[in-house]
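Single-letter residue listing:
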2 protein chains.
Amino acid sequence: MGLKSFVEVLPDSHFPIENLPYGVFKPEPGSKARPGVAIGDYVLDLSVIASAGLFDGPILCNSDCFDQPNLNKFLELGRPAWKEARATLQKLLSPTEPALRDNASLRQKALVPVDKAQMLLPIAIGDYTDFFASMHHAKNCGTIFRGPQNPINPNWFHLPIAYHGRASSIVISGTDIVRPRGQSYPTGNSPPYFGPSQKLDFELEMAAIVGPGNELGKPVDVNEAADHIFGLVLMNDWSARDIQAWEYVPLGPFLGKSFGTTLSPWIVTLDALEPFACDGPKQDPHPLPYLAEKIHVNYDISLEVRISPTGEEHSHVVTRSNFKHLYWTVTQQLAHHTINGCNLRPGDLLGTGTISGPEPESYGCLLELAWNGQKPLSLGGTTRKFLEDGDEVIFTGCCKGNGYNVGFGTCSGKILPSPP
Amino acid sequence: MGLKSFVEVLPDSHFPIENLPYGVFKPEPGSKARPGVAIGDYVLDLSVIASAGLFDGPILCNSDCFDQPNLNKFLELGRPAWKEARATLQKLLSPTEPALRDNASLRQKALVPVDKAQMLLPIAIGDYTDFFASMHHAKNCGTIFRGPQNPINPNWFHLPIAYHGRASSIVISGTDIVRPRGQSYPTGNSPPYFGPSQKLDFELEMAAIVGPGNELGKPVDVNEAADHIFGLVLMNDWSARDIQAWEYVPLGPFLGKSFGTTLSPWIVTLDALEPFACDGPKQDPHPLPYLAEKIHVNYDISLEVRISPTGEEHSHVVTRSNFKHLYWTVTQQLAHHTINGCNLRPGDLLGTGTISGPEPESYGCLLELAWNGQKPLSLGGTTRKFLEDGDEVIFTGCCKGNGYNVGFGTCSGKILPSPP
Ligand SMILES: [Ca+2]
Ligand SMILES: [Ca+2]
Ligand SMILES: [Mg+2]
Ligand SMILES: [Mg+2]
Ligand code: NI
């Protein structure tokens, strides 16, 4: 059985008092953006709680970190501040604490029904990096593009491969995605194809959000990396496979990715995820010393992707995967990212890469699920090789506790047609 | 003969009244950062000029764009504001205009000797993209790594290849660069090498700075792209060739680049560069319609790289190149970048890629100049395959006018040893 809050939380809610994920929202269309935490079907307005003097711990009592349009300032404060905030909020929301429970006007101001709140990007993202940390995904992509002999490049087992992504086009769940136009492979001696992407895909990912950063030239030790990670979100790295295939040699993905990346609004903290830690993957060959970590864990987070075609009421599950399938942990990713001296800043985003599991029904993108168009996927009465205009793609993620969930809510986006 | 200013400008100065490049500086160590333009050996403090009410044109008279710690707000205003500022400043600095010339206390406040000014990064960079737009560089790299058959991948002639770079580690000229550590290719069956990079290189580049951005989903027409570019800077894309070689398949450069990128402090505007426009490169095959531009120009900007080894008084020229060697123009780069709907924001940085000319003495990096270590480069009494600790690398760039220069000053950085 879970803990209790005086705020009603239904048993299947993603947001009981054990979770308390952070987001940024506007309670009304014209109001200022401010931080909040989700509790049941409400958003608790942290700017109101802070103004009321209820953050009374030593770190937060004099901080203006909740009077901000994003969480960057709170992230910069680091784990002691995060733990203090969590303890304060769990106490404040408990059934036995009168401060909020018995103050009707404060409750009225502080608890905003989630369906009235407009969720915004919770962080200002300086840099976004996307890793490639699922072995199953790496193997499937390699097999599709280069054949079954040595589908995974030898470097892959020695370092968490990654590329820099585009920060400007990261959007919040619910934002429509315009189908990108671009070049793709010429047929025969013709010029390259140019037009709307014909192989538009989703990528089921999660992303770590960086807390305190590091100075340029000063790497983060892998055993201290967890203190630099505030929490996780769901991420859809929309991908145009035809654009990507033509452009990516030799410098990697560019326009095939940069037209949009969607984040879920709620950042679930590592503290909330702790009960769901599980053994990290066996790594062979053994990682180099700078990647060998004493605490080597993943998290058991069930992930699901549904597609809702235009005009249909219901959606169809297209894959079920799990965060624990990652080969390189997020702490290894962060340590690797800084080993050359590269500086991370609060709010930076580290995508995991597509999270594919071992079974075909756990693959994390249509490229794999429909095997590059060779095995169209059944979607009730219709099929999909890649995404069609009007398709809405919905990710969910949830950890199942004993009588409660620690969930991520949803991360969704709908495809609009290319401009003419 | 050039125009005149009442501020003395020596004949070989990079900063006569025809140039007026923009930077951000602190007049004293403790003071606030503010925008300035270079004139001769002085920086004209634009926050002072604005406070004095001397920006009296219709766009700038009520703007606080010069009361900012970076140029982003000015960049967002677009070309009409840039033209107005240029006209105002050229008039204010002319020998016949008394407003500043005859006001000793204003002059004292507004004109800061350049050797007293601390130059800072002039822009807050949201995203940094690095192109690969010199054919000679592409050919040399392809030949070195894959041999002389088809050294350039077929996609290269159809689109300006690029990758996303790391924004957080961009630093201003004069900042030391710590030699990165990292993995590189294993020898035989050993684990990968790990340690200080043994192939540290510079890359001679320039970068365009984006003015007004575009909305997500709305590409910029190539014939309007110039209005989205404020100006150019010199850029050193420091590169660890050994780290890059091991990590870059299949997602492109990452830690081999992200440890540091150096910019020159002065942004030379496209308006100042206009007299140095020259025919753009012949492009065969003809670019696709979205890349075919009516005005297809490059700029004749002479570039030079010198290395000053530790302990030596003087520096040695290692290459002389020219911006005009680029195959893809900066306007084509910008149009391509947005064709998929990707949004650019004011202050975004578009690196050109290494600018190599056709002759061996015009190659833009040591990888090419010393042919991957096979032909060590003479540096007076010593030689270089790659950079050594203590080496200072100094870029200069200059357009030669009739009796005046429009120059970029220098872009320099010195290599410090890796941490132990
Ligand atoms: Ca991805
Ligand atoms: Ca480069
Ligand atoms: Mg994306
Ligand atoms: Mg660099
Ligand atoms: Ni010498």
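Residues numbered from 1 in each chain as written. Chains lettered and ligands numbered in written order. Predicted model: local features only at pLDDT ≥ 70, side-chain atom pairs only at ≥ 80, totals over all residues. Heavy atoms only, no water.

Student: Describe the coordination of the magnesium ion (ligand 4), with residues and values.
Tutor: Residues and elements named next belong to chain B. Taken together, Asp237 (OD), Lys257 (O), Gly260 (O) and Thr261 (OG1) make up the full set of protein donors to the magnesium ion (ligand 4), lying 2.3 to 2.8 Å away. Donor residues for the magnesium ion (ligand 4), ordered by position in the chain, follow D-x19-K-x2-G-T. The class for Lys257 is buried, based on a relative accessible area of 7%. (Donors = N, O, S within 2.8 Å, 3.2 Å for Na, K, Ca; no water. Buried < 20%, exposed > 50% of the residue type's maximum accessible area, 1.4 Å probe, protein only.)

Student: Go over the coordination of the calcium ion (ligand 2) with me, naming the residues and quoting the values.
Tutor: All names here are of chain B. Protein ligation of the calcium ion (ligand 2) involves Asp130 (OD), Glu203 (OE), Glu205 (OE) and Asp237 (OD), the donor distances falling in the range 2.2 to 2.3 Å. Donor residues for the calcium ion (ligand 2), ordered by position in the chain, follow D-x72-E-x1-E-x31-D. Within this pair, whereas Glu203 is found in the loop between β12 (200–201) and β13 (204–210), its partner Asp237 is found in the loop between β14 (229–236) and β15 (239–240), the two being separated by 34 residues in sequence. (Helix = DSSP H or I, 4+ residues; strand = E, 2+ residues; numbered from the N terminus.)

Student: Quick one: what's the story with the sheet that holds strand β20 (residues 302–308) of chain A, residue by residue and with numbers?
Tutor: All names here are of chain A. One open sheet accounts for five strands, arranged β9-β26-β25-β20-β21; its pairing is mixed. What marks the edges here is a single partner per strand, and that holds for β9 (177–178) and β21 (316–322). Pairing between strand β25 (residues 392–400) and strand β26 (residues 405–416): eight bridges, direction antiparallel. Its bridge partner being in β26, Glu392 is matched across the sheet by Lys414. (Pairing = 2+ DSSP bridges.)

Student: Any details on the interface of chain A and chain B? Residues and values, ideally.
Tutor: Of the residues lining the interface, 54 residues belong to chain A; the matching set on chain B comes to 54 residues. Together chain A and chain B conceal approximately 5,200 Å² of surface at their shared face, both sides included; 63% is due to carbon and sulfur atoms. Connecting chain A to chain B are four salt bridges. One salt bridge connects Arg166(A) with Asp127(B), and the closest N-O pair in it is separated by 3.4 Å. Our count for the contact surface shared by chain A and chain B stands at 25 residue pairs in polar contact (both at pLDDT 80 or more). (Contact = heavy atoms within 4.5 Å. Buried area = accessible area lost by both parts, 1.4 Å probe. Salt bridge = Lys/Arg side-chain N within 4 Å of Asp/Glu carboxyl O. Polar contact = N/O pair within 3.5 Å; in protein donor to acceptor, adjacent residues only side chain to side chain.)

Student: Quick one: what's the story with the sheet that holds strand β2 (residues 34–39) of chain A, residue by residue and with numbers?
Tutor: Residue and element names in this part refer to chain A. Across the sheet, which stays open at both edges, the five strands sit in the order β4-β3-β2-β1-β5 with antiparallel pairing between neighbours. What marks the edges here is a single partner per strand, and that holds for β4 (111–113) and β5 (118–120). Neighbouring strand axes in the sheet, compared pairwise and without regard to direction, differ in orientation by 50° on average. As paired elements, strand β3 (residues 42–45) and β4 share three bridges and run antiparallel to each other. Across the sheet, the residue bridging to Tyr42 is Pro113, located in β4. (Axes fitted to C-alpha atoms, helices over the stretch in contact; angles between N-to-C directions.)

Student: Mind laying out the relation of the copies chain A and chain B, listing which residues take part and the relevant values?
Tutor: Mapping chain A onto chain B calls for a rotation angle of 180° and an axial translation of 0.0 Å; the resulting RMSD is 0.0 Å. Classification of the inter-copy transformation places it as that of a two-fold axis. For chain A, the smallest separation between a C-alpha atom and the rotation axis is recorded for Gly252(A), amounting to 2.1 Å. Both copies contact each other with a shared surface, as 100% of the interface residues of chain A are interface residues in chain B too. (Least-squares fit on C-alpha atoms with pLDDT ≥ 70 in both.)

Student: Quick one: what's the story with the pattern of salt bridges, residue by residue and with numbers?
Tutor: Applying the stated criterion to the full structure yields 40 salt bridges over all chains. Of the charged contacts in the structure, one is a salt bridge between Asp348(A) and Arg166(B), with a shortest N-O distance of 2.7 Å. Of this pair, Asp348(A) sits in the loop between α9 (330–338) and β22 (349–351) while Arg166(B) is found in the loop between β7 (162–164) and β8 (170–172), placing the two residues in two different chains. Residue classification places Arg166(B) among the buried positions, given a relative accessible area of 2%. A salt bridge links Arg34(B) to Asp45(B); its shortest N-O distance comes to 2.7 Å. Linking Arg34(B) in strand β2 (residues 34–39) with Asp45(B) in strand β3 (residues 42–45), this pair joins segments that are 11 residues apart in sequence. Accessibility assignment for this pair places Arg34(B) and Asp45(B) in one class, buried. Among the charged side chains, a network of salt bridges with common partners joins Asp201(A), Glu203(A), Asp237(A), Arg241(A) and Lys257(A).

Student: Pulling in residues and values, what's your account of the domain arrangement of chain A?
Tutor: All names here are of chain A. Domain annotation of chain A identifies domain 1 (22–120) and domain 2 (128–416). When each unit is reduced to the centre of its C-alpha atoms, the spacing between domain 1 and domain 2 is 30 Å. Contacts between domain 1 and domain 2 engage 18 residues on the former and 18 residues on the latter. Summed over the three residues of domain 1 that lose the most area to domain 2, namely Tyr22, Leu75 and Arg79, the buried surface amounts to 39% of that side. Taken together, the connections running from domain 1 to domain 2 amount to three salt bridges. (Domains from an automatic or database assignment.)

Student: Tell me what's going on with the UniProt feature "binding site: Mg(2+)" (unreviewed entry) in chain A, and back it up with residues and numbers.
Tutor: Residues and elements named next belong to chain A. Here the UniProt feature "binding site: Mg(2+)" (unreviewed entry) sits at Asp237, Lys257 and Thr261. On the basis of their most widely separated C-alpha atoms, the annotated residues across 25 residues gather in one place, lying no more than 7.8 Å apart. Those residues in contact with Asp237 that lie beyond four places of it in its chain are Tyr128, Asp130, Tyr163, Phe202, Glu203, Glu205, Lys257 and Thr261. In this fold, Lys257 is placed in the loop between α7 (241–247) and β16 (261–263). Residues in contact with Lys257, not counting those within four places in the same chain, are Tyr163, Glu203, Asp237, Trp238, Ser239, Arg241 and Gln244. (UniProt positions renumbered as here; feature names shortened; annotations may be inferred.)

Student: Before we move on, could you go through the UniProt feature "domain: Fumarylacetoacetase-like C-terminal" (unreviewed entry) in chain A and cite the residues and values that matter?
Tutor: Per the UniProt record, the feature "domain: Fumarylacetoacetase-like C-terminal" (unreviewed entry) sits at residues 130–396 of chain A. Along residues 130–396 of chain A, the helical share is 13% and the strand share 28%, with 20 Å between the first and last C-alpha atoms.

Student: Lay out the nonpolar core with the relevant residues and their values.
Tutor: Nonpolar side chains in soluble globular proteins tend to end up buried together. Formed by 237 residues in total, the largest nonpolar core has its most connected members in Leu44(A), Phe74(A), Phe202(A), Leu44(B), Phe74(B) and Phe202(B). Every residue in contact with Phe74(A), bar those within four places of it in the chain, is listed here: Tyr22(A), Leu60(A), Cys65(A), Phe66(A), Ala81(A), Trp82(A), Ala85(A) and Phe230(A). (Core = buried A, V, L, I, M, F, W, Y, C linked by side-chain atoms within 4.5 Å.)

Student: Requested: an account of the packing of aromatic side chains, with residues and values cited.
Tutor: Under the defined criterion, the tally for this structure stands at 36 aromatic pairs over all chains. With a centroid separation of 4.8 Å and an interplanar angle of 20°, the aromatic rings of Phe194(A) and Tyr290(B) are classed as stacked. Of this pair, Phe194(A) sits in strand β11 (residues 193–196) while Tyr290(B) sits in the loop between β18 (277–279) and β19 (297–299), placing the two residues on different chains. In this structure Phe194(A) comes out as partly exposed when scored by relative accessible area, which is 31%. With relative accessibility at 11%, the residue Tyr290(B) sits in the buried group. A connected cluster of aromatic rings, assembled from ring pairs, spans Tyr22(A), Phe55(A), Phe66(A), Phe74(A), Trp82(A) and Phe230(A). Above the ring of Trp371(B), the side-chain terminus of Lys375(B) is found at 5.7 Å from the ring centroid. (Phe/Tyr/Trp six-rings, centres within 6.5 Å; stacked < 30°, edge-to-face > 60°. Lys NZ or Arg CZ within 6 Å of the ring centre and 35° of its normal.)

Student: Provide a residue-level description of the pairing of strand β1 (residues 22–26) of chain A, including the pertinent values.
Tutor: Residues and elements named next belong to chain A. Within β1, four of the five residues are buried, which leaves it mostly tucked inside the rest of the structure. In terms of strand pairing, β1 meets β2 through four bridges, oriented antiparallel. Each bridged residue has a counterpart across the sheet, and for Phe25 the counterpart in β2 is Arg34. Of the strand pairs in this sheet, β1 and β5 are connected by three bridges, and their pairing is antiparallel. Residue pairing in the sheet places Val24 in a bridge with Leu120 of β5.

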